[in-house]
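For reference, the chains in residue letters:
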Amino acid sequence: MRSVVIQHVPFEGPGLIAPALFAVGSKVTVVRADLGDELPAAGQLDVLVVLGGPMGALDDHEHPHLARERELIAECVRLGKPVLGVCLGAQLLAAALGARVRRGPVAEIGAGTVELVSADDPVFSPAGPRIPVVHWHEDTFDLPPGAELLASSDLCAHQAFRVGTAYGLQFHVEIGPQELWEITPHLPADSEITLAEVDEVQAVGVQVLRRWAACAAAAVEGGR
């Protein structure tokens, strides 16, 4: 299995996603969009992961690669390839599928929770009804046509959704202590995420991402 992870900034890497993919026998290639790495074609990968970043999903003038990313995401969804979009990645996924991405009513930054609203999702439902996460976003999105809402929070109605084998997560569950160390210098001065909070996120995130990777592997195998 060939998994490609698109990274947008040095301090937001795949984190706990990579071990989950390794555990199901996948190779993992990180494409650094911020360093000008060329994006693969949809036919060159089995699973696509799109990570976060401070830019907007439609900031094509400053970041021309975003338009190509949306095209790649849309093609992967059309072909039934598993996609995981995290934070900016979720916004790119929503935009690629025709939904509106916009500034949210308030910024949501720091450790928190989301409420799971789906009772039968194979990735998230076993973790419910509420899971600890890390929030770091100002934008939000409408649900794409045909999408199932999976999670919400008090400040953001659309926290996670699924379209076929594509998942969009506005929040982070891929963060452990190492990732906390990397992102902390870039957080707003009035935001603090403690190691204890991240330990809670990691404990749940490992299980969520393992289930997602297993579902992705099953989808890839079933499509061959």
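All values reported here derive from a predicted model rather than from experimental measurement.

What is the right way to look at helix H5 (residues 195-222) in this model?
Three- or four-residue spacings in an α-helix give side chains the same orientation, since the helix completes a turn every 3.6 residues. Taking 1.5 Å of rise per residue, the 28 residues of H5 would be expected to cover 40 Å, and the 39 Å separating its terminal C-alpha atoms lies within 8% of that figure. By the burial criterion, the buried members of H5 are Val198, Val201, Gly205, Val208, Leu209, Trp212, Ala213, Ala216, Ala217 and Val220. As for H5, its buried residues are in contact with helix H1 (17-23), strand E3 (47-50), strand E4 (83-86), strand E6 (130-141), strand E9 (166-169) and helix H4 (177-183).

Would you mind showing me how to read empty space enclosed by the protein here?
Over the atoms a probe the size of a water molecule is rolled, and this reveals where empty space is left. Scanning the entire structure with this criterion turns up one cavity of 30 Å³ or more. Estimated volume of the largest cavity: approximately 70 Å³. Around the largest cavity, the lining residues are Phe11, Glu12, Gly13, Trp136, His172, Glu174, Ile175, Glu179, Glu182 and Ile183. The greatest single-element share of the lining of the largest cavity, amounting to three residues, is contributed by H4. Class assignment of the residues belonging to the lining of the largest cavity gives a composition of four nonpolar, two polar and four charged.

Help me understand the pairing of strand E5 (residues 101-116) in this model?
Within a regular strand, the side chains alternate between the two sheet faces. Relative to E6, E5 runs antiparallel, the two sharing eleven bridges. Looking at the pairing, glutamate 108 lines up with histidine 137 of E6. Pairing geometry for E5 and strand E7 (residues 148-152), over two bridges, is antiparallel. Bridge pairing in E7 places glutamate 115 opposite serine 152.

When you look at the sheet that holds strand E8 (residues 160-163) in this model, what are you seeing that I'm missing?
As a general point, the strands of a sheet are linked pairwise by backbone hydrogen bonds and lie either parallel or antiparallel. Ordered in space as E2-E1-E3-E4-E9-E8-E7-E5-E6, the nine strands form an open sheet in which the pairing is mixed. Both outer strands of the open sheet, strand E2 (27-32) and E6, are each paired with one neighbouring strand and no more. Here the strands of the sheet are splayed against their neighbours by 20° on average, with no regard to which way each runs. As paired elements, E4 and E9 share four bridges and run parallel to each other. Pairing of valine 86 across the sheet is with leucine 169, part of E9. Contacts between helix H2 (residues 65-78) and the sheet are confined to strand E1 (2-7), E3, E4 and E9, with E3 contributing the most and set at about 145° to the helix.

It is not clear to me how the pattern of salt bridges should be interpreted in this structure. Could you clarify?
Opposite charge on two side chains makes pairing possible when the charged atoms of those side chains draw close. Within the structure shown, the criterion is met by eleven salt bridges. With its nearest N and O atoms 3.2 Å apart, the salt bridge here joins aspartate 46 to arginine 2. Note that aspartate 46 is positioned in the loop between E2 and E3 and arginine 2 in strand E1, a separation of 44 residues in sequence. Arginine 2 sits in the partly exposed class, given a relative accessible area of 37%. Ionic pairing is found between arginine 162 and glutamate 148, a salt bridge with its closest N-O pair at 2.7 Å. Taken together, the positions of arginine 162 in strand E8 and glutamate 148 in strand E7 put the pair 14 residues apart, joining distant regions of the chain. Residue glutamate 148 is classed as partly exposed on the basis of its relative accessible area, which comes to 25%. Bridged by salt links that share partners, the residues Arg100, Arg102 and Asp142 form one connected network.

Just to check I follow, could you spell out helix H3 (residues 88-96) for this structure?
By the criterion of burial, H3 is predominantly enclosed, with eight of the nine residues buried. Here H3 has its buried residues at Leu88, Gly89, Ala90, Gln91, Leu92, Leu93, Ala94 and Ala95. Phi for glycine 98, located one or two positions after H3, is positive at around 95°.

Teacher, can you tell me more about unusual backbone geometry here?
Generally, phi is negative for residues other than glycine and the peptide bonds are trans, each holding for most cases. Omega for the bond connecting glycine 128 with proline 129 falls within 30 degrees of zero, at 5°, which places this linkage in the cis form. Relative to the helices and strands, proline 129 is located in the loop between E5 and E6. Although it is not a glycine, cysteine 87 adopts a positive phi angle of roughly 60°. Among the secondary structure elements, cysteine 87 is positioned in the loop between E4 and H3.

So what exactly am I meant to see when it comes to the packing of aromatic side chains here?
The relation between two aromatic rings is expressed through the spacing of the ring centres and the mutual angle of the planes. If you walk through the whole model with that rule in mind, you get four aromatic pairs. Arranged with centres 6.4 Å apart and planes meeting at 45°, the rings of phenylalanine 124 and tyrosine 167 form a pair that is tilted. Residue phenylalanine 124 is found in the loop between E5 and E6, and its partner tyrosine 167 is found in strand E9; the two are separated by 43 residues along the sequence. Here the two residues phenylalanine 124 and tyrosine 167 agree in accessibility, since each one is buried. Seen from their ring centres, phenylalanine 124 and phenylalanine 171 are 6.1 Å apart, and the 85° between their planes marks the pair as edge-to-face. Linking phenylalanine 124 in the loop between E5 and E6 with phenylalanine 171 in the loop between E9 and H4, this pair joins segments that are 47 residues apart in sequence.

Criteria and thresholds
Residues numbered from 1 in each chain as written. Predicted model: local features only at pLDDT ≥ 70, side-chain atom pairs only at ≥ 80, totals over all residues. Heavy atoms only, no water. Helix = DSSP H or I, 4+ residues; strand = E, 2+ residues; numbered from the N terminus. Expected span 1.5 Å × (residues − 1). Buried < 20%, exposed > 50% of the residue type's maximum accessible area, 1.4 Å probe, protein only. Contact = heavy atoms within 4.5 Å. 1 Å grid on protein atoms, 1.4 Å probe; cavity = no way out; pocket = protein on both sides within 12 Å on 5 of 7 lines; lining within 4 Å. Points joined across faces, edges and corners; volume = space filled by probe spheres on them. Nonpolar A, V, L, I, M, F, W, Y, C, P; charged D, E, K, R; others polar. Pairing = 2+ DSSP bridges. Axes fitted to C-alpha atoms, helices over the stretch in contact; angles between N-to-C directions. Salt bridge = Lys/Arg side-chain N within 4 Å of Asp/Glu carboxyl O. Phe/Tyr/Trp six-rings, centres within 6.5 Å; stacked < 30°, edge-to-face > 60°.

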